[in-house]
Structures are given as structure tokens and as C-alpha cells.
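# Observations on the three-dimensional arrangement
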Number of protein chains: 2
Amino acid sequence: MIMDELARRVKESSLKLAAAGTELKNKALAQIAASLYERKGEIIRANLEDLERSEKENLAAPLSKRLKFDEAKIADVIDGIYSLIKLDDPVGKTLLSTELDVGLELYKVTCPIGVIGVIFESRPDALVQISTLCLKSGNGVLLKGGSEARETNRILAEVIIDAAAAAGLPPQWAALLETRADVDDMLKIDRYIDLVIPRGSNEFVRYIMDNSRIPVLGHADGICHCYVDADADLDMALKIVVDAKTQYVAVCNATETLLVHESVAPEFLPALKKALDSKNVELVGCPKTRTLITVAPATEEDWKSEYLDYKLSVKVVSDLDEAVDHINEYGSGHTDTIITGNGDKAARFMDYVDSGNVFWNCSTRFSDGFRYGFGAEVGISTGKIHSRGPVGLDGLVIYKYKLIGNGHVVDDYANRSRTFKHRNLNREFTL
Amino acid sequence: MIMDELARRVKESSLKLAAAGTELKNKALAQIAASLYERKGEIIRANLEDLERSEKENLAAPLSKRLKFDEAKIADVIDGIYSLIKLDDPVGKTLLSTELDVGLELYKVTCPIGVIGVIFESRPDALVQISTLCLKSGNGVLLKGGSEARETNRILAEVIIDAAAAAGLPPQWAALLETRADVDDMLKIDRYIDLVIPRGSNEFVRYIMDNSRIPVLGHADGICHCYVDADADLDMALKIVVDAKTQYVAVCNATETLLVHESVAPEFLPALKKALDSKNVELVGCPKTRTLITVAPATEEDWKSEYLDYKLSVKVVSDLDEAVDHINEYGSGHTDTIITGNGDKAARFMDYVDSGNVFWNCSTRFSDGFRYGFGAEVGISTGKIHSRGPVGLDGLVIYKYKLIGNGHVVDDYANRSRTFKHRNLNREFTL
């Protein structure tokens, strides 16, 4: 299989990239930034080809907008690369150092994961972002973009791979896939590919999760909740819910369901309806909600829905536990916030809600790698292992144990002629 | 489906267990230890039933030996529980604290993964070890032991669940599965089960990996290598290879393949053969090896084999890179060691070998959670995400982000009326 051979070569190169130092990787990143600038004419021409073809094929307007990759977008991705150069290298950090015995020292040191398969939709900026994140973290990468951006993706991949090679990196650390069949082939190659990161629609991510044995980092749904507690400052609650719902509706950290304590619902819901009506937000509610404000009924399906639109489902609850249970039953483990003046209730909410991001008195929209100060974002994960919530560069590394001895054998410890010390060395790994 | 309902209840209880404090969890562990001691008569009787039935069914002798759970074994698992009580609680550790803006503080805090499915073979001690590890780390657990130990497993599960409930833990945090069909059902319930840990034979682990969407922590093969470099101290190399091969052959960190640099092979291999002959180790070798010592030819299949027996495959290589390439091609990412007096070569080996444990001048047999000083071992992972190498209690936790605000909304940052500070707080999370 051609894909198998391609993945094998990327894997081989990734082992060399894993051992590349910070200086070489940053030099390659700077070279990529310079080449993107130098070859911007070629890039813009390729993008125009994609835009023209898409127009002929009647691509939907929002997709066309995302596809556009002009001089301003090129300047943005170059800025992004310079920010990435400034970030700490996530590779080579010593997480643990222990003297097992005299002359026998154990070090737990971060290293790249290996080869990452990244699948993204129309935006060509994603190709630049994700390939440079992989480079900085020492990972090989297989890239598959949307077919509507194929000319742009081709030239971007060429520029990036050529520039990195010119700086001295192995030429095959990155490769571009072009067809949907390539993706299906890639998802089978768990021998060489260590992690898949899908960026796109719910259905798309779910398809990837269902069709590969390779671990997947990402999220299918973002069903986020605001819970307005009995002890909430209702002005604050109104401000937060309006932001969480309307500041940007098409994103995974926007709130989809509002839970309100029954004791404040009669005062809060009419004020909320007024505020959201002015923003053209459609409300649906539980029976109790509908005794307080005039809205359409919410169905079971509403509690499971990520609207990504100007729509909010509303449920009145009788206590904090009912709110927590609702979130753990219907939420997607993404981001949920409580608005309350009561610290004990806030602590209880944050302990019991089983989501990657649990907030108190602030908007769900803060759940984001840049807002968290990570400097770069690989994606947002709702998984329960490895990385959870917004994932920065750290999510692209794992660790290996390095044990340095001087002829040490286990038999000496098994026959009790020697014993382990297990003393913390608190020291960076160096040879 | 019955299993679905059972898993749902364990999941619900796990959310309560996740919020239990260290004191309560340690109290439950002490109660379990006390109950195992008090009810040892019942346990030993149940085990005798299993042993008698197994004898009638002609169970192989090594399996019968592993099945035996007598007073000494009970004392061992009780000791293990008291060691576990002394270990740090892996839950509630603050990994990161950042002031995003005035009054808006982000904390990354460790928390349990959720529900762990554990499948183990005949040894009943595994049931006690793994359930108490899950308890200490705040995880719910579904346990499936070997059917030959079914009476012993039943009484052990009953003792553990009753004792934990008496100490105040939710009664359904743990459950025992009894049939192979239960396991197949469990592997489908990725909605409630977050991680599967299979402990058993290669085929068994591979079956689990191939038949579930739930992440798996473990290893199928342990194909470990010793590489004797041109600059090795050959006396040291002999001592290490003999230990790595023969100290205990039936374990995953025993060496299966020896690689020797061609410049030292003529001196080293005859000495090695003499030493291993005296331990009744069968050798197979590459063509070059066979010009130096009289051994049977090694086939392609030998390089891929985990013998778990008194057998070693031997290959002569022309340089370090050939050794590294061989390991990365045929190894299982478990544990590999270089014997050399040259630090640069050792560093290169440890950087380029893509295994969880890379050693210099010591035996592969050191790759173990207890020898590493973790105090407890969940298993050894050859995966590339979450946990790698010997996994201690830390492998059973993940983290959540807790964000504390005071009415903060994203719109203020989007419209530039406020800006992020991203100042490291270097502070433990408390409310």
C-alpha cells in the first residue's frame, strides 16, 4: 500500500526529528516563515485557483470565506510562527529524577509522540499552524486538508517541507495527503501513526473516532452549560449567560443549555428573555420554564443538541445536584460554569461536574488555549486520558524513562545483596 | 443491556468517589485491609473450592500455582494496601496556576479518570491490587478475573466493596464481572468506561485492543534488546546480558534479542555462549553470528518473537545506527539497553531508540514500577500517549481546568476593553 510506505518514511524521519535540538527546530521555523513571505505570490495565485474553482462549483459562502488565503492571512500565519519560536521547547524536560541506587539514576524526560495524522477542513491556515506545532514538538505529521483548498495546501506543504529541509531537517518529516481514500488508509496504519487530530464538524470527528484504532485527540460535541444558582448575583448571571450564548455562537465553547435554580427563575428568566430577544436568540424551555416565560417546549433532543446558533435551551432545576446530574447526563465534558455567590456550592459544582473545564462566575467562552495563556492551541479535547480541555504544545509530547547504570543487574536486588534507595535527585537530565 | 446499567451505576458512583478526600479514601483502604484479615477463613475456603475444581478440570500446574491464595498471599496483599495508604494521593494536585486577568484565575488540577475496566488472568491478588489502586486514585472499576478463580474473586470483591461502603464510600464504585460475554459487552460501553487495563497474555491484550474503542493501557509484547557496543566493557556486558535474559525469563522486561557490534563479536560471543550454555539458554543467530559460534539460524520470525523462555536471538551489527534501526523495526517499544563506555553513543542510543525505557549499562529487567520507586504499579504501557513505561498511581489520573472569575466575559477581551495578563501564580488550588 502506498500510504503505508509514506507513513513508514514519515515515521523514520520523525525519529530523527525527535532528536533535533531546539536551535535547529527554531531555525527551521524561521526559515518556513521567511519562505512563506518570499513565495507569497505563488501561494496567493494557488489560492485564487481554489477560489475560482469553488465559485464554479457553487461552494457555500462561509466555506469560501474560510478558504480565502490572502496577504493578510499569510502575515497572520507568519506572526504565529514567530510566537511559536518564542515558546519553550516542550521536548527534553526532566519530569522526575531518582537515584535508584549508587550509580543507578532514573530520569523521566519528555519526548515527541511520533507521527501525528491531522485532518482539517477548508482553512489553509490550519495546515501551517498544525505542521509548525508538530515541528516545534518534534513530531512527524501527515496532513490532509479540504479538497476545496487543494492547490493552496499543495503549495503551502511544498514551501514548509522545502524550507525545513533547507534548514537541515529530514525532508520527509511531513507529507500531504490528497484524497478521502488516503484518509481511510491512514486511519488503518496504527503501526506508524501514533495520534490523530481531526479538526472539523461533529459528524466528521465522530467518523474518525469510529474508524480507527489510533488514539484521537479532539472533541465531537461542545454542549456547554451555564448554571444560575439560588445564590447568584443575577446581574452578573445575565451578563455571563448573554456572553456565553451570543459572543460567538459557532464555536464549541458557546453555551447551549441554561440551568436555573427554581428560587431565582421567576426573577431571572424574564430579564434573560428580554436580553436574548434583543439579540434574536430563540429560546426553548422545560415545562417550569414555560410557566415563567413564553417559549417553545424543549424536547429530550434539545438537551443533547449543540446548536452552534442563536438558540438556547432552558431548564429550571430544584437544586445544585439536579444541575450537576443534568450536566453529567447530557453534557459533552467540554465546559460548564456555575454562577453563585456561595463558595461551597462552587467547589461542589467544580468537583462533581465531570468536564475538562469547570468555571465559577465567568463565561464558558474562556475555554481556549490562547485565553489560557498556552501561546498555541493544538485543539480542545473532551477525552479522559493524555490531554483534556484546551491542548497546548505539551499535548504533543510524551516521555521516556532513561536509566543510567554502571553494570547494574536485577539479580543483586532479587538476592538482597543490594537494596534500592529511591532518593529524589531533583536534577535535569544531562549526559 | 444489563452491563450498560451496571456500568452506568459504577460511573455515577465514580463521580462521588472522585470528590472523596484523601482521609476518607485511606480510611476505606484500612477498612478493606482489616476485613481481608477478619474474613480470611472465608477467602481461603473459597480459594480451596477453586483449587479443587481446577484440579478436577486438569488445570495446568503453573496456573494452579498462580491461583493459590493462602494465608501468606493474604498477608502480602494486606501489606500492599498499607503501602498504598502511605503513598501521596494523586488527586487534587495543582499542575498549573495562572492569573489570566485581575480576579480571573486558572488552575489545572489532577482528578480521577472515571471508570476503569480491568481484566486479569488467574491471580486473585491482582483483584485486590487493582481495585485498591483505583480506589486510592478515586476511580470506579469494573473487574473481570479468570473463571478458574471465580469463587475467590467473588468473596474478595464482596469483602472489598462491603468494607469500602462501611467506611462511607458509595457502594457501587466497584463491580465484579463474571463471564467472557460480560467482557465483550464491557468493551462496547465507551460512554461510561474511560480506560481498559488488560493484564494477561499477548493474544489476550491484542484481542482487547482490537475489540474496543475505549483507550487501552498496557502492552501486548515485550521484545527487549541488549546492544553491546564496540566500546563496551565486555565483562560488564556479559553480566548484564546474562541477567537480562535469565534472571526471570517469563516477564515482559526480559531480553529477547542481543545485538553485538562486529568489532567485539569475535571476543564476546564465545564467552556469552559459554555463560548461557551453563544456564541452558538456546541461542539462534544471524549468518555472521554463526561464523563465530555454533548456533541454529535465526529466522525473520525470531526478531519478532517474545520467547518468554530460555532462548535468545543474536545479531551482529556493523554500527550503532544499525542496532537502533533493528530495535525500532522489530522491538515493541518496551525496554532496550546499550552497553558502552562511550557517553555520546549512549546519548544517541537513548535519543533515537523509540521505546518507553532506554537504558545505559544496566539490565532491561529494571523496567518496573516498584524498582523505579513508584510504590505501586498499574501496569507497563507501550502506548505513546498518556502513560508510557511502568505506570504508577499517576497513570490513573487526568486533570481538569478550574477557572474562577467574578463576572468575567469574553466580549471585554474581544473588544479590547480588557487584556490578558497570563501571570504565573505558582499557587495550590483552594477555594
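As shown above, the structure is provided for reference.
## Regarding the overall build of chain A
Looking only at helices and strands, one finds 16 helices and 17 strands in chain A. Along the three orthogonal principal directions, the C-alpha set of chain A runs to about 75 × 70 × 35 Å. Taking all 431 residues of chain A together, the buried fraction comes to 53%. The contacts of chain A with a sequence gap of at least 6 include a subset with a gap of at least 24, amounting to 72%.

## So, the relation of the copies chain B and chain A
With an RMSD of 0.0 Å, the fit of chain B onto chain A corresponds to turning through 180 degrees and sliding 0.0 Å along the axis. The symmetry that links the two subunits is that of a two-fold axis. The rotation axis passes nearest to the C-alpha of H386 of chain B in chain B, at a distance of 1.9 Å. Of the interface residues in chain B, 100% have counterparts in chain A that sit at the interface too, so the contact is made through matching surfaces.

## Here's the deal with the nonpolar core
Formed by 268 residues in total, the largest nonpolar core has its most connected members in A7, L142 and L143 of chain A together with A7, L142 and L143 of chain B. Residue contacts for L143 of chain A: discarding those within four places in its chain leaves V118, L127, I130, S131, A157, A174, L176 and L177 of chain A.

## Notes on the interface of chain B and chain A
Listed per partner, the contact involves 63 residues of chain B and 63 residues of chain A. Broken down by secondary-structure element, the contributors of at least two residues to the side of chain B that touches chain A are β1 (94-101), β2 (104-112), α10 (234-246), α15 (343-352), β13 (357-362), β16 (397-408) and α16 (411-414) of chain B. With 11 residues, β16 of chain B is the largest single contributor of residues to the side of chain B that touches chain A. A breakdown of the residues in the side of chain B that touches chain A according to their chemical character gives 32 nonpolar, 18 polar and 13 charged. One ladder, built from five bridges, connects strand β16 (residues 397-408) of chain A with β13 of chain B; its direction is parallel. In the sheet register, L403 of chain A faces β13 of chain B, and the bridge partner there is F359 of chain B.

## So, the sheet that holds strand β7 (residues 224-228) of chain B
Strands sit in the order β17(A)-β1(A)-β2(A)-β16(A)-β13(B)-β12(B)-β7(B)-β8(B)-β11(B)-β9(B)-β10(B) across an open sheet of 11 strands; the sheet is mixed. The sheet is open, and its two edges are formed by β17 (423-424) of chain A together with β10 (296-297) of chain B, each paired on a single side. Note: strand β8 (residues 255-261) of chain B against strand β11 (residues 311-317) of chain B, five bridges, orientation parallel. The residue bridging L258 of chain B from the neighbouring strand is V314 of chain B, located in β11 of chain B. Against the sheet, helix α11 (residues 265-277) of chain B makes contact with β7, β8, β9 (282-285) and β11 of chain B, and its axis sits at roughly 150 degrees relative to β8 of chain B, the strand it touches most. Across the sheet, helix α14 (residues 320-330) of chain B touches β7, β8, β11 and β12 (335-339) of chain B, and the angle it forms with β11 of chain B is around 140 degrees.

## Focus on the sheet that holds strand β6 (residues 195-199) of chain B
Strand pairing in a sheet is mediated by backbone hydrogen bonds. Such pairs are either parallel or antiparallel. Residue and element names in this part refer to chain B. On the basis of which strands lie adjacent, the open sheet formed by four strands has the order β5-β4-β3-β6 and parallel pairing. The strands lining the two open edges of the sheet, one partner per strand, are β5 (174-177) and β6. Averaged over all adjacent pairs, the angle separating strand axes in this sheet is 15 degrees, with direction ignored. One ladder, built from five bridges, connects strand β3 (residues 115-120) with strand β4 (residues 140-144); its direction is parallel. Bridging across to β4, V118 finds its partner in L143.

## Some details on the packing of helix α2 (residues 22-38) of chain A against helix α6 (residues 124-136) of chain A
All names here are of chain A. For the pair α2 and α6, the least separation of the axes is 9 Å and the interaxial angle reads 160 degrees. Looking at the two axes, α2 sits roughly antiparallel to α6. Once α2 is placed against α6, the crossing between them reads as right-handed. Side by side, α2 and α6 meet where K25, A28, L29 and I32 of the first sit next to T132, L135 and K136 of the second. Residue composition of the contact of α2 with α6, by class: four nonpolar, one polar and two charged.

## Details of helix α1 (residues 2-18) of chain B
Counted at 1.5 Å a residue, the expected span for α1 of chain B with its 17 residues is 24 Å, and the 24 Å between its end C-alpha atoms agrees. Among all positions of α1 of chain B, only M3, L6, A7, V10, K11, S14, L15, L17 and A18 of chain B are buried.

## Remarks on the environment of G379 of chain B
Residue and element names in this part refer to chain B. By the element assignment, G379 lies in strand β14 (residues 379-381). By C-beta crowding, G379 is classed as buried, having 21 other C-beta atoms within 10 Å. For the pair formed by G379 and D190, sequence separation is 189 residues and the distance between their alpha carbons is 21 Å. Leaving out residues up to four positions away in the same chain, G379 has contacts with I197, R199, L217, G218 and V391.

## Observations regarding helix α5 (residues 71-86) of chain B
Residue and element names in this part refer to chain B. The end-to-end C-alpha distance of α5 is 23 Å, a good match for the 22 Å that 16 residues give at a rise of 1.5 Å each. Every buried residue of α5 is listed here: I74, V77, I81 and L84. Looking straight down α5, one finds that the buried residues subtend no more than 80 degrees of arc, so they occupy a single side. Facing away from the buried side of α5 by over 90 degrees, the exposed positions are E71, A72, D79, Y82, S83 and K86. Taken together, the buried residues of α5 touch α2 (22-38), α3 (40-56) and α6 (125-136).

## Examining the packing of α3 of chain B against helix α7 (residues 150-166) of chain B
Residue and element names in this part refer to chain B. Packing of α3 against α7 leaves a shortest axis separation of 7 Å and a crossing angle of 160 degrees. Taken together, the axes of α3 and α7 lie roughly antiparallel to each other. Of the residues in α7, those touching α3 at E42, I43, A46, N47, E49 and D50 are R150, E151, T152, R154, I155 and L156. Classifying every residue of the contact of α3 with α7 gives four nonpolar, two polar and six charged.

## What to know about the environment of E322 of chain A
Tracing the sequence through the fold places E322 of chain A in helix α14 (residues 320-330). Separated by 178 residues in the primary sequence, E322 of chain A and K144 of chain A place their C-alpha atoms 43 Å from one another.

## A closer look at the environment of G392 of chain A
Residues and elements named next belong to chain A. Looking at where G392 falls in the secondary structure, it is placed in the loop between β15 (389-391) and β16. A C-alpha to C-alpha distance of 5.5 Å links G392 and V378, two positions 14 residues apart in sequence. Ignoring any residue separated from it by four or fewer positions in sequence, one finds G392 in contact with G369, F374, G375, A376, E377 and V378.

## Re the pairing of β7 of chain B
Residue and element names in this part refer to chain B. Counting buried positions over the five residues of β7 gives five, a clear majority of the element. Of the two faces of β7, the one holding C224, C226 and V228 and the one holding H225 and Y227 are both buried throughout. Examined bridge by bridge, β7 and β8 share five bridges and lie parallel to one another. Bridge assignment links C226 to a residue of β8, and that residue is L258. Regarding the hand of the β-α-β motif, the stretch spanning β7, α10 and β8 is right-handed. For β7 and β12, the ladder comprises four bridges, and the chain directions are parallel. From the neighbouring strand, C226 faces β12, where its bridge partner is T337.

## Here's the deal with the pairing of β1 of chain B
Residues and elements named next belong to chain B. Sheet topology places β1 next to β2; six bridges connect them, and they run antiparallel. From the neighbouring strand, T98 faces β2, where its bridge partner is L106. In the sheet, β1 pairs with strand β17 (residues 423-424) via two bridges, with the strands oriented antiparallel. Each residue of the ladder has a partner; that of E99, found in β17, is R423.

Reading guide: rules and limits
Here the residue numbers are simple positions, counted from 1 along each chain's written sequence. Both sets of labels track the order of writing: A upward for chains, 1 upward for ligands. Given that the model is predicted, a residue must reach a pLDDT of at least 70 before its local features are reported, and side-chain atom pairs must reach 80 or more before they are shown or counted; all residues, however, enter totals for whole chains, interfaces and linings. A run of H or I in DSSP counts as a helix once it spans at least four residues, and a run of E counts as a strand once it spans at least two, with each numbered from the N terminus. Residue burial here comes from a neighbour count, namely the number of other C-beta atoms, placed from the backbone, that lie within 10 Å of the residue's own C-beta, with 20 or more meaning buried, 12 or fewer meaning exposed, and in between meaning partly exposed. By definition, residues are in contact whenever their C-beta atoms, placed on the basis of the backbone, come within 7 Å of each other. Least squares is the method for superposing the copies, and the C-alpha atoms it fits come from residues with pLDDT of at least 70 in both. One nonpolar core equals one set of buried Ala, Val, Leu, Ile, Met, Phe, Trp, Tyr and Cys residues connected by C-beta atoms within 7 Å. Side-chain classes are defined by residue name, with Ala, Val, Leu, Ile, Met, Phe, Trp, Tyr, Cys and Pro counting as nonpolar, Asp, Glu, Lys and Arg as charged, and the others, Gly among them, as polar. Note: two strands are recorded as paired if DSSP finds a minimum of 2 bridges between them. Every axis corresponds to a line fitted to the C-alpha atoms, with the helix fit spanning only the stretch in contact, and the corresponding angles, defined between N-to-C directions, vary from 0 to 180 degrees. Any angle that is under 35 degrees is reported as roughly parallel, and any over 145 degrees as roughly antiparallel; angles of 65 to 115 degrees are reported as roughly perpendicular and all others as oblique. By definition, turning the near helix anticlockwise from the far helix through less than a right angle yields a left-handed crossing, and turning it clockwise yields a right-handed one. Each residue after the first adds 1.5 Å to the expected span of a helix. In this context, the arc is that of the directions from the helix axis out to the C-beta atoms. Whether a crossover is right-handed comes down to one check: with the strands pointing away from the viewer, does the path from the first strand over the helix to the second run clockwise; if it does, it is right-handed.

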